[in-house]
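Chain by chain, the residues:
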Amino acid sequence: TNGYGGMYCNESSPKITNCIFDNNVAYFFWMSGGGGMYNNGSSPTLTDCTFTNNSAGYDNYGGGGGMYNDNSSPTLTNCSFIGNISLGSGNQAGGGAIYNLVSNPTIINCSFTGNSYQGDAAYAGGGAIRNGSSSNPTINNCSFTENSYQGDASSFGGGGMYNDQTSNPTVTNCTFTNNTSNADGGGIYNFCYVKNSLANCTFIGNTASFSGGGVAGNGNFTSSTFVDNVANDFGGGIYGNSGTVTDCSFTNNTATNGGGGLYGR
């Protein structure tokens, strides 16, 4: 029932170093994912690995062009995800680079460049990373550049990252630059009750066709910078209705209908 691409880890914890996953495809039916790697109940350690031009997804829960984590806790250090694509249709697709489902990965010093979600699924999101149900990743010192959500404009969005309502990611010392969403959340989209912890992060030149050029949704933001982000509706820097904003700066952000820097609804 699943489609797996380059590597499948089933209840295993291999150490993978200096490897390249390129042009692999996972494209089948229900829960097709992991064009480059699919982890099921696994905790692999990846160091200095590159995932390029992998693709995944077809039907429900499809996605993770580079990697799909199901009940897994991989550790990724100094890895790159470039040009990976999620093509999911149906329901709950996304994560051009990584899709996490009930998973707690640790992602350190990694880069995400030019990854995308391209499909028509309902409840889709995450050009680079989708954190699905009950996922609590730790993401530190990572860069998100020119990733995009190109799905149904009436769905969720998140050019760089999408966080499901039962996920609680911790994001520190990360940069989100020139990511785009044709829905909400140019950099990040936090669905419903999510209040992700975000500290010492920088959002520059991200764009949302609707609200939240930098971030859409609730969150706790500390010592972060928002510069030149654009929303074609509300909240150029941040769009949300609850959470905390502490020691943050907002410069030259714009929103067509209000709240160039910050819009609370």
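For the structure itself, look to the data block above.
Novice: Could you clarify how one ought to interpret the nonpolar core in this entry?
Specialist: It is characteristic of soluble globular proteins that their nonpolar side chains tend to be buried jointly. Leu46, Phe81, Ile98, Phe112, Ile129 and Phe144 are the most contacted members of the largest nonpolar core, which totals 32 residues. Ala93, Tyr117, Ala121 and Tyr149 belong to the second largest nonpolar core, which has six residues in total.

Novice: How should I be thinking about the packing of aromatic side chains in this particular structure?
Specialist: Centre distance and the angle of the planes are the two values used to describe a pair of aromatic rings. Taken as a whole, this structure holds 21 aromatic pairs when the rule is applied. With a centroid separation of 6.4 Å and an interplanar angle of 85 degrees, the aromatic rings of Phe221 and Phe226 are classed as edge-to-face. Considered together, Phe221 and Phe226 belong to a single accessibility category, that of buried residues. Centroid distance Phe234 to Tyr263: 4.5 Å. Interplanar angle 35 degrees. Geometry classified as tilted. Within this pair, whereas Phe234 is found in the loop between strand S32 (230–231) and strand S33 (238–240), its partner Tyr263 is found in strand S37 (residues 262–264), the two being separated by 29 residues in sequence. Taking the relative accessible area as the measure of exposure, Phe234 reaches 23% and is therefore partly exposed. A residue is classified by how much of its surface remains accessible, and Tyr263, at 26% relative accessible area, is partly exposed.

Novice: Is there a simple way to explain the sheet that holds strand S10 (residues 75–77) in this structure?
Specialist: Two orientations exist for strands paired in a sheet by backbone hydrogen bonds: parallel and antiparallel. On the basis of which strands lie adjacent, the open sheet formed by nine strands has the order S2-S6-S10-S14-S18-S22-S26-S30-S34 and parallel pairing. For this open sheet the edge positions go to strand S2 (15–17) and strand S34 (243–246), each flanked by a neighbour on one side alone. On average, adjacent strands in this sheet sit at an angle of 5 degrees to one another, irrespective of strand direction. Two elements, strand S26 (residues 196–199) and strand S30 (residues 219–222), share four bridges in a ladder whose sense is parallel.

Novice: It is not clear to me how unusual backbone geometry should be interpreted in this structure. Could you clarify?
Specialist: In terms of backbone geometry, most residues other than glycine have negative phi values and most peptide bonds are trans. Its identity as a non-glycine residue notwithstanding, Asn18 has a phi of 55 degrees, on the positive side. Look at Ser223: it is not a glycine, yet its phi comes out positive at around 50 degrees. Structurally, the position occupied by Ser223 is in the loop between S30 and strand S31 (225–227).

Novice: Before we go on, may I ask you to explain the environment of Leu101 in this structure?
Specialist: Structurally, Leu101 can be placed in strand S13 (residues 98–101). Note: C-alpha distance between Leu101 and Gly132 (31 residues apart in sequence) is 4.8 Å.

Novice: Would you mind showing me how to read the sheet that holds S33 here?
Specialist: Ordered in space as S1-S5-S9-S13-S17-S21-S25-S29-S33-S37, the ten strands form an open sheet in which the pairing is parallel. The sheet terminates laterally at strand S1 (7–10) and S37, the two strands that pair on one side only. By the bridge criterion, four bridges tie S1 to strand S5 (residues 37–40) in an arrangement that is parallel. Of the residues in S5, the one forming a bridge with Tyr8 is Tyr38.

Novice: Where do I start with a nonpolar patch on the surface in this structure?
Specialist: The grouping of Val25, Tyr27 and Leu87 at the surface amounts to a nonpolar patch, some 280 Å² of accessible area in total. Given a relative accessible area of 51%, Val25 falls into the exposed group.

Novice: So what exactly am I meant to see when it comes to the environment of Gly214 here?
Specialist: By secondary structure assignment, the location of Gly214 is in the loop between strand S28 (207–208) and strand S29 (215–216). Gly214 gets classed as buried once you look at its relative accessible area, which sits at 0%. Along the backbone, Gly214 and Gly114 are 100 residues apart, and their C-alpha atoms lie at a distance of 17 Å. Among all residues touching Gly214, those that are not within four sequence positions of it are Gly186, Gly187, Ile188, Phe203, Asn229, Gly236 and Gly237.

Reading the values: rules and limits
Residues numbered from 1 in each chain as written. Predicted model: local features only at pLDDT ≥ 70, side-chain atom pairs only at ≥ 80, totals over all residues. Heavy atoms only, no water. Core = buried A, V, L, I, M, F, W, Y, C linked by side-chain atoms within 4.5 Å. Buried < 20%, exposed > 50% of the residue type's maximum accessible area, 1.4 Å probe, protein only. Phe/Tyr/Trp six-rings, centres within 6.5 Å; stacked < 30°, edge-to-face > 60°. Helix = DSSP H or I, 4+ residues; strand = E, 2+ residues; numbered from the N terminus. Pairing = 2+ DSSP bridges. Axes fitted to C-alpha atoms, helices over the stretch in contact; angles between N-to-C directions. Patch = residues over 30% accessible without salt bridge, like charges linked within 9 Å, V, L, I, M, F, W, Y side chains within 5 Å. Areas by Shrake-Rupley, 256 points an atom, 1.4 Å probe, with all protein chains shown as cover. Salt bridge = Lys/Arg side-chain N within 4 Å of Asp/Glu carboxyl O. Contact = heavy atoms within 4.5 Å.

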